[in-house]
Number of protein chains: 2
Amino acid sequence: MPGTSPSTAPPSTGAHDAAAGEASAAPGPRRFGRRALLTSGAVGAGVGAAIGIATALGVQRAPEGSGAAVTAGSREAEPFGGDTLPCHGPHQAGIVTAPAAHVRYVAYALREGVDRAALTRLFRILTGDVEGLTAGVAPLADSEPELAERPSKLTVTVGVGPGLVARAGATAPGWLAPLPAFERDRLDGAHDGGDLLILIQADDPLPLAHAARMIDRELRSFVTPLWSQQGFRQARGSEADGTTMRNLMGQIDGTVNPDPSESGFEELVWIGEDGPAWLRGGSALVLRRIRMELDTWDQIGRVAREQTIGRRLSNGSPLTAPPEAEEHTPIDFEAKDAKGLPVIPSFAHARRAHSEDPSERIFRRGANYDEGGESGLLFACYQRNPLRQFVPIQRRLDELDLLNEWVTHTGSAVFAILPGFEPGELIGAALLEGG
Amino acid sequence: MPGTSPSTAPPSTGAHDAAAGEASAAPGPRRFGRRALLTSGAVGAGVGAAIGIATALGVQRAPEGSGAAVTAGSREAEPFGGDTLPCHGPHQAGIVTAPAAHVRYVAYALREGVDRAALTRLFRILTGDVEGLTAGVAPLADSEPELAERPSKLTVTVGVGPGLVARAGATAPGWLAPLPAFERDRLDGAHDGGDLLILIQADDPLPLAHAARMIDRELRSFVTPLWSQQGFRQARGSEADGTTMRNLMGQIDGTVNPDPSESGFEELVWIGEDGPAWLRGGSALVLRRIRMELDTWDQIGRVAREQTIGRRLSNGSPLTAPPEAEEHTPIDFEAKDAKGLPVIPSFAHARRAHSEDPSERIFRRGANYDEGGESGLLFACYQRNPLRQFVPIQRRLDELDLLNEWVTHTGSAVFAILPGFEPGELIGAALLEGG
């Protein structure tokens, strides 16, 4: 679904039992030994050294052996399976890195008795797995290492809920809690909250499924699964890189979004001095499951659908610009038609989502879902503080938005996305030190 | 999962209410009017003329307007979103055409009172939708035509069950019925049988989801949904074209498969003079949902897993060939080790699936599934007669196969895949004439 104005970004529609080594080391692909890393006291250094420590968010090729031969053919590019994104850096990967074609959110509850010491073990295992899987180097405990070899830009992004923060003996920020209730929410309880979030993304569903299962198996002695949500965007390569996604209502979704390179992005998205020390460099994720009522959406005409949003379905251009304009043309909320009526209706989604306050912006990362006869959007946004950024936008939409007739929020979760980490560090290191 | 021998191909793991035109024709992308086609009495001719009638199974580009600009970049190929596969020909598309990255099987039950005349209406609508959607030209009733514009090799393949054949007043072949019971089957009733099957495949999940919904909406006055199963293979472009898929057990799956260009393929797969007239040029699909017990599979070592199958996990080569051999090296079932024991264990999957009878072969098209905490394979195979091809293979596996410990068949369906059709013809035309 299209965004609204240059100054706001609205919500649119909108066990570790096997780790100690396997009986058969056997002939197999590249692996790295977690045990060696653990005993060296420098978790991740091995991988960091092996693959070259990333200095930017650019794509790397996986190390030797993973590049398949390229079949001759005028239109076939070099296969991208070996592409990797570095997991290390000031922020976790998977947030501002290019949107992947496939996305899975998996939420867990901590088992009883998992204390800070156990959490440290959990995060040590998780860190090793993230370093290995994202680099295309199967962790030692991986029984299907071939499924890890072609990560296709796999990223794993880790978030925590208030329950985990408490177990770590740290203090959670006020926003790390269920969102205030919205009038129109119809939460079904099946996709809400959690203690630990693992967000896995890749351009290929196979390494994604494998990574999800590997991590799940590794964590099972610490956690129990709560829910999982799978989403997709256009396939990698189906459109030019950088094309804004379309949602299942047919709209270009995500046009208005702060650019990670723009000045002020840091203050919008990355938690700084105003947040707890353990979260500096992290972010706040709001994930909303938004069901679309596509059968009734289909029943209104194209003009009515465009008026509902304020943008054209064809190319996402605002109704206030000529049809040949493009999606990034700013909306003119003051424009009137020949009869003196506003071109963008008073209750259009674009207008209701628009804020004059430049600090009321969020960084969106939506994905489509379509399963079990239900279609919708996994609306995700990152920000410093959901209570000051997502909530006021959503409150306006909840109150009055033409689009509400066709969208229903059925799931809601807030997670603290941990800061980035460097080779030799654990994910969540500062949290595990008690914040 | 790997196959076994060159002479057999085993199962491995084994409402048309909106069609009459929309209120707002509105600015929008290319469309073609179904009404025009229907009244002309030459359904499909319009599209056939517009896109050029396909003479081969090669890929075409969608007509004007669907090719996005190519972003500069050394590794980015021309976007493939506009790629189309012709739907016309002696056989339906989606069977021997290159395996797509995403697959959805949707089964329906006919509503009461849908007689032969109603079936003709159903198939007329369906034919128009298939012609439009696969060509990247939104049918007139499509409210989100932009989602149809980039089909990414979308195919729609139509199959029928015995119930539909009876309503058409035709005679079903003996094999068009539930398969004989297998001892180890644990069918849960959620993915079995049906009157009508719509198999949708594409390299991009977005046009696939859209096509599935369009067709579903169009057919709702004739049918009610029974079940839907979504599967995937490696993403297009992640590996060189033609790479055999891997399943979630980590195995290369589908190595041994008859080649559509080989002599004798016709007799194995396409129904000929021995079948009912309405089915000549069609095929018989067996679809089995096979759950994988990955947690316990992980608990046995790599050597044991390779012995279970008879092939190497690394590259699918048979254990009887040197490790540097490749997946297509024939298996030597007579080979003995230094102690005189068979290199391929007596109850290995590869040996049990192997048949000395060259007519006992099937054409496989598997896909992975991974949802709701369950992983497995959507095992699909095409043949002339399941009772003579799939069933004897599966009976041997059901009786004794080392792999059985980790795979369970939980869904089973047989459909008659209708013959191909040409521009101006309806899908299922011969069936609708009473066979």
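The structure presented is a predicted model; accordingly, all values stated were derived computationally and were not measured.

## Thoughts on the overall build of chain A
Turning to step 1, where the next piece is worked out: A tally of helices and strands in chain A yields eleven helices and 13 strands.
Turning to step 2, where the next piece is worked out: When the accessible surface of chain A is totalled, it reaches about 15200 Å², and 53% of it is carbon and sulfur.

## Side note on helix H5 (residues 205-219) of chain B
Residue and element names in this part refer to chain B.
Turning to step 1, where the next piece is worked out: Between its first and last C-alpha, H5 extends 21 Å over 15 residues, near the 21 Å set by a 1.5 Å rise per residue.
Turning to step 2, where the next piece is worked out: With 15 of 15 residues buried, H5 is to be regarded as a mostly interior element.
Turning to step 3, where the next piece is worked out: Where H5 starts, the residue carrying a side-chain oxygen 2.9 Å from the main-chain nitrogen of Leu206 turns out to be Asp204.

## Section: the pairing of strand E13 (residues 407-417) of chain A
All names here are of chain A.
Turning to step 1, where the next piece is worked out: Counting buried positions along E13 yields eleven of eleven residues, so the element is predominantly enclosed.
Turning to step 2, where the next piece is worked out: Of the strand pairs in this sheet, strand E6 (residues 155-160) and E13 are connected by two bridges, and their pairing is antiparallel. In the sheet register, Gly159 faces E13, and the bridge partner there is Ile417.
Turning to step 3, where the next piece is worked out: Here strand E9 (residues 283-292) pairs with E13 via ten bridges, running antiparallel. Across the sheet, the residue bridging to Met292 is Val407, located in E13.

## Notes on the environment of B:Leu426
Residue and element names in this part refer to chain B.
Turning to step 1, where the next piece is worked out: Along the chain, Leu426 turns up in the loop between strand E13 (407-417) and helix H11 (429-432).
Turning to step 2, where the next piece is worked out: Looking at Leu426, the relative accessible area reads 14%, which means it is buried.
Turning to step 3, where the next piece is worked out: Taking the C-alpha atoms as reference points, Leu426 and Gln394, 32 residues apart in sequence, are found 35 Å from one another.

## Section: the environment of B:Thr127
Residue and element names in this part refer to chain B.
Turning to step 1, where the next piece is worked out: Counting through the fold element by element, Thr127 comes out in helix H3 (residues 116-135).
Turning to step 2, where the next piece is worked out: By relative accessible area, Thr127 is classed as buried at 0%.
Turning to step 3, where the next piece is worked out: For the pair Thr127 and Phe421, spaced 294 residues apart in sequence, the C-alpha to C-alpha distance is 9.2 Å.
Turning to step 4, where the next piece is worked out: Looking at Thr127, its side chain comes within polar contact range of the main-chain oxygen of Phe123, at 2.6 Å.

## Thoughts on the packing of helix H3 (residues 116-135) of chain A against helix H5 (residues 205-219) of chain A
Pairs of packed helices are described in terms of their axes, by the angle between the two and the distance that separates them.
Residues and elements named next belong to chain A.
Turning to step 1, where the next piece is worked out: Where H3 meets H5, the closest approach of the two axes is 10 Å, and the angle between their N-to-C directions is 160°. What the angle tells us is that H3 and H5 run roughly antiparallel. Every pair of crossing elements has a handedness; the one defined by H3 and H5 is right-handed. Taking contact as the criterion, the partners of Leu122, Ile125, Leu126, Asp129 and Leu133 in H3 are, on H5, His210, Ala211, Met214, Ile215, Glu218 and Leu219.
Turning to step 2, where the next piece is worked out: When its residues are assigned to classes, the contact of H3 with H5 shows eight nonpolar, one polar and two charged.

## With respect to the UniProt feature "domain: Dyp-type peroxidase C-terminal" (unreviewed entry) in chain A
Turning to step 1, where the next piece is worked out: UniProt records the feature "domain: Dyp-type peroxidase C-terminal" (unreviewed entry) at residues 245-420 of chain A, using the numbering of this structure.
Turning to step 2, where the next piece is worked out: The span residues 245-420 of chain A shows a helical share of 18% and a strand share of 22%, and its end C-alpha atoms are spaced 27 Å apart.

## Comments concerning the packing of aromatic side chains
Here the distance between the centres and the angle between the planes together describe a pair of aromatic rings.
Turning to step 1, where the next piece is worked out: Counting across every chain of the model gives ten aromatic pairs over all chains.
Turning to step 2, where the next piece is worked out: Both rings, one in A:Phe379 and one in A:Phe390, keep their centres 5.9 Å apart while their planes meet at 40°; by these two values the pair is tilted. Residue A:Phe379 is located in strand E12 (residues 374-383), and its partner A:Phe390 is located in helix H10 (residues 390-399); the two are separated by eleven residues in the primary sequence. A:Phe390 shares its class with A:Phe379; the two are buried.
Turning to step 3, where the next piece is worked out: Here the aromatic residues A:Phe182, A:Phe379 and A:Phe390 are joined through ring pairs into a cluster of three or more.
Turning to step 4, where the next piece is worked out: Over the face of the ring belonging to A:Tyr369 we find A:Arg289, whose NZ or CZ atom lies 3.9 Å from the ring centre.
Turning to step 5, where the next piece is worked out: Taking the ring centre of B:Trp297 as reference, the NZ or CZ of B:Arg305 above it sits at 5.9 Å.

## Some words on the pairing of strand E9 (residues 283-292) of chain B
All names here are of chain B.
Turning to step 1, where the next piece is worked out: Of all the ten residues making up E9, nine are buried; the element is thus mostly covered by neighbouring parts of the structure.
Turning to step 2, where the next piece is worked out: Across eight bridges, E9 lies against strand E12 (residues 374-383) in antiparallel orientation. In the strand pairing of E12, Val286 is matched with Cys381.

## Here we look at the pattern of salt bridges
Turning to step 1, where the next piece is worked out: Under the criterion given, the structure shown has 42 salt bridges over all chains.
Turning to step 2, where the next piece is worked out: Here A:Glu144 makes a salt bridge to B:Arg305, at a shortest N to O gap of 3.4 Å. Taken as a pair, A:Glu144 in the loop between strand E5 (138-139) and E6 and B:Arg305 in helix H8 (residues 302-309) lie in two separate chains rather than in one.
Turning to step 3, where the next piece is worked out: Residue A:Glu144 is classed as buried on the basis of its relative accessible area of 1%.
Turning to step 4, where the next piece is worked out: With a closest N to O distance of 3.7 Å, B:Glu273 and B:Arg280 form a salt bridge.
Turning to step 5, where the next piece is worked out: Judged by its relative accessible area of 68%, B:Glu273 is exposed.

The rules behind the values
Residues numbered from 1 in each chain as written. Chains lettered and ligands numbered in written order. Predicted model: local features only at pLDDT ≥ 70, side-chain atom pairs only at ≥ 80, totals over all residues. Heavy atoms only, no water. Helix = DSSP H or I, 4+ residues; strand = E, 2+ residues; numbered from the N terminus. Areas by Shrake-Rupley, 256 points an atom, 1.4 Å probe, with all protein chains shown as cover. Expected span 1.5 Å × (residues − 1). Buried < 20%, exposed > 50% of the residue type's maximum accessible area, 1.4 Å probe, protein only. Polar contact = N/O pair within 3.5 Å; in protein donor to acceptor, adjacent residues only side chain to side chain. Pairing = 2+ DSSP bridges. Axes fitted to C-alpha atoms, helices over the stretch in contact; angles between N-to-C directions. Parallel < 35°, antiparallel > 145°, perpendicular 65-115°, else oblique. Left-handed = near helix turned anticlockwise from the far one by under 90°. Contact = heavy atoms within 4.5 Å. Nonpolar A, V, L, I, M, F, W, Y, C, P; charged D, E, K, R; others polar. UniProt positions renumbered as here; feature names shortened; annotations may be inferred. Phe/Tyr/Trp six-rings, centres within 6.5 Å; stacked < 30°, edge-to-face > 60°. Lys NZ or Arg CZ within 6 Å of the ring centre and 35° of its normal. Salt bridge = Lys/Arg side-chain N within 4 Å of Asp/Glu carboxyl O.

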